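What follows is each chain in one-letter form.
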Amino acid sequence: MNTPKPARILIVDDATVVRLYYRHLLERDGYRVDEALNGIEGLEKALRISYDLCIVDVNMPLMDGYAFLQALRRDPSTRNLPTLVTTTQAHKQDIAAARKAGATAYLVKPVPADLLANHVAALLNPLPV
Amino acid sequence: MDTALTLRDLSPDHLGSADSAMRWRAARALSGEAAATAQLLSRLRLEGDRNVRTALFSSLVAIGGTRTAALVASLLRSDDPGLRNGAIEALKQFHTAAAPAVDALLAEEDSDLRLLAIEVTRAWPGRLAVPRLLQVIEHDPNVNVCAAAVDVATELGTPELLGALLRLRRRFAGEPFMVFAIDIARGRIRAADGHGR
Amino acid sequence: MTTRHLERPDISEFDYHRFCEYFYRRTGIAFGESKRYYVDKRLLERMAKTGVKNFDQYFSKLRHSGPHGELERLINLFTINETYFYREAHQFDCLVNNLLPELIAGRPRGARLRIWSLPCSTGEEPYSIALYLMENWKQLEDYEIELIGSDINTAALEAARAGIYETRALQRLPRDIAQRYFSPRGENAFQLADAVRQCVHFTQVNAADPYAMAKLGPFDVIFCRNMLIYFNDRSRAQTCESLYDCLREGGFLCLGHSESMSRMSSLFTIRSFPQGLIYQKPGGTP
């Protein structure tokens, strides 16, 4: 039996230090990581490469996180990509908006390392309902 | 289709057309028209089509000036992230004319407004951006606002930020992300400084 | 070329990362650790040519470069810009197998389809499109294809109209196509057949002028490869708006392989085809 390849994760965030930090944590945990700095770049990558999970920030230029999620849902090849939305706002309307846009989970920044790890692991290995 | 003539014939009334293609052309036709500033702005608050929004922002940027920048900055309070982020990108294109608006936002109580304001400085020359970054790094209580300043500092920070970044590192010593981010920023700036001597 | 490890005291690890992040943010082109030698070599080349004392000075120069400044020269070093026939032909393949079928769906036979090559330089790109369509599109006779080539450079346009090319420009063409459509003219030159030259209409345009651009439209397909990457943020956004205006609803826009709308504009829908990503103006028949 082959060892499964490590999960491939796409980080979509316009802040360089955030992308570097998540990369640092995720690679340490053995995942393969790609980056995009806004929703357009994220979509372009997601349409060409099969990712297992996407971590996406809300506030980004040209295509924000919600628009990105909507675009993912519209395309059959990316419709079921699990997404973890990060944002600085924790208001109720943001949580509702994330859910409406099709996000799988939602985290408030700055994201603690252990919380990120737990959410990533859970999203990559969903328990049967 | 005589697009060239159409651009010149449209009026602000067409901004409210039911046809998004018409609204796009109307928004484009008003590019640089200072008299249409209020209409362009009020349309932005209502506009659901992302492309029409892009055209509206573009036309406001073409008008330019500190007053227009301040009006665009008012959109940062919107609940719609697309409108907020469109306003940020537009403000970046105002260059130094956006400085008063940015400074006003940096004094706001709402940390998200301060965070978005710092993002605009990414488009500025170092000598304009650095004082604002310094102010945030020294005094802002919010971790995400500081993180935004640190990210801009990795790109255009100068040695005068080094001491402040070190103090920020102590301030957020319990936040591993901030420690990581500040170390990167300081490393980038120190490397530049070493060559500058 | 020596095999010993070359000393590069001027570009530290931090400098390399700082440059890569800037270049990535600016152009979307990403260099990893494996490209270290490749990138350093070109940076050092430009540093020597611009006479700067160190990388920091060069980086500052880069960040403040205006149109046709240092950033453009550096991008030129990193992207292959020589033009030749059938360059990035996978997009022509996409045109024939994916874009045209979509565009003609719902249109009557004999309908006119307008294709634009901008910038067309000395004509290799629009002529390549003509050749590729003649060789590969079975429905060429059923529709009226109008091919326009535009550039700001009038000397290039004159050369394009003349249709004479060096051997180098033909090196990617399949042999039989080169033989069928080109005739030798002197030692290192080939003349493109009149039948192909007549397929393309050349006209001057300044991409920064939205009114001039709009006059030439609307188009069904625009090839705008390796032009936008050189513009500054504002010009890029403005030119994208012009290109959008020049496209019919549902029309397609093809950029160069190292270019992406992610650094330019959100106006276009992204379409993923086997041959790559193509941008589309929303609207038109779904």
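Preceding block: the structure.
Residues numbered from 1 in each chain as written. Chains lettered and ligands numbered in written order. Predicted model: local features only at pLDDT ≥ 70, side-chain atom pairs only at ≥ 80, totals over all residues. Heavy atoms only, no water.

(A) Representation of the environment of Asn 51 of chain B within the structure. Among the secondary structure elements, Asn 51 of chain B is positioned in helix H4 (residues 50-63). For Asn 51 of chain B, a relative accessible area of 10% puts it in the buried group. Sequence separation between Asn 51 of chain B and Trp 24 of chain B is 27 residues, and the spatial gap between their C-alpha atoms is 7.3 Å. If we ignore the near neighbours within four places in the chain, the residues touching Asn 51 of chain B are Trp 24 of chain B together with Tyr 244, Ser 266, Leu 267 and Pro 282 of chain C. (Helix = DSSP H or I, 4+ residues; strand = E, 2+ residues; numbered from the N terminus. Buried < 20%, exposed > 50% of the residue type's maximum accessible area, 1.4 Å probe, protein only. Contact = heavy atoms within 4.5 Å.)

(B) Looking closely at the sheet that holds strand S3 (residues 164-166) of chain C. Residues and elements named next belong to chain C. Read from one edge to the other, the open sheet built from three strands follows the order S3-S5-S4, with strand pairing classed as antiparallel. Each of the sheet's edge strands pairs with one partner strand only, and the pair in question is S3 and strand S4 (182-184). In this sheet, neighbouring strand axes are inclined to one another by 35° on average, regardless of whether the strands run parallel or antiparallel. The sheet contact formed by S4 and strand S5 (residues 189-192) spans three bridges and is antiparallel. (Pairing = 2+ DSSP bridges. Axes fitted to C-alpha atoms, helices over the stretch in contact; angles between N-to-C directions.)

(C) Broad picture of the packing of helix H7 (residues 99-106) of chain B against helix H8 (residues 111-120) of chain B. Residues and elements named next belong to chain B. At a minimum axis separation of 8 Å, H7 and H8 run at an interaxial angle of 150°. Considered as vectors, H7 and H8 are oriented roughly antiparallel to each other. Taken as a pair, H7 and H8 cross one another with a handedness that is left-handed. Contacts from Val 102, Leu 105 and Leu 106 in H7 reach Leu 113, Arg 114, Ala 117, Ile 118 and Val 120 in H8. Tallied by class, residues from the contact of H7 with H8 come to seven nonpolar, no polar and one charged. (Parallel < 35°, antiparallel > 145°, perpendicular 65-115°, else oblique. Left-handed = near helix turned anticlockwise from the far one by under 90°. Nonpolar A, V, L, I, M, F, W, Y, C, P; charged D, E, K, R; others polar.)

(D) Representation of the interface of chain A and chain B in the model. Across the boundary between the two partners, chain A contributes 22 residues, which contact 24 residues of chain B. Counting the surface lost from both chain A and chain B, the interface buries some 1900 Å², and carbon and sulfur atoms represent 57% of this. Summed over the three residues of chain A that lose the most area to chain B, namely Val 17, Tyr 21 and Pro 110 of chain A, the buried surface amounts to 31% of that side. In this assembly, chain A and chain B are joined by zero salt bridges. Of all elements in the fold, only helix H1 (16-28) and helix H3 (65-74) of chain A reach the threshold of two or more residues within the side of chain A that touches chain B. (Buried area = accessible area lost by both parts, 1.4 Å probe. Salt bridge = Lys/Arg side-chain N within 4 Å of Asp/Glu carboxyl O.)

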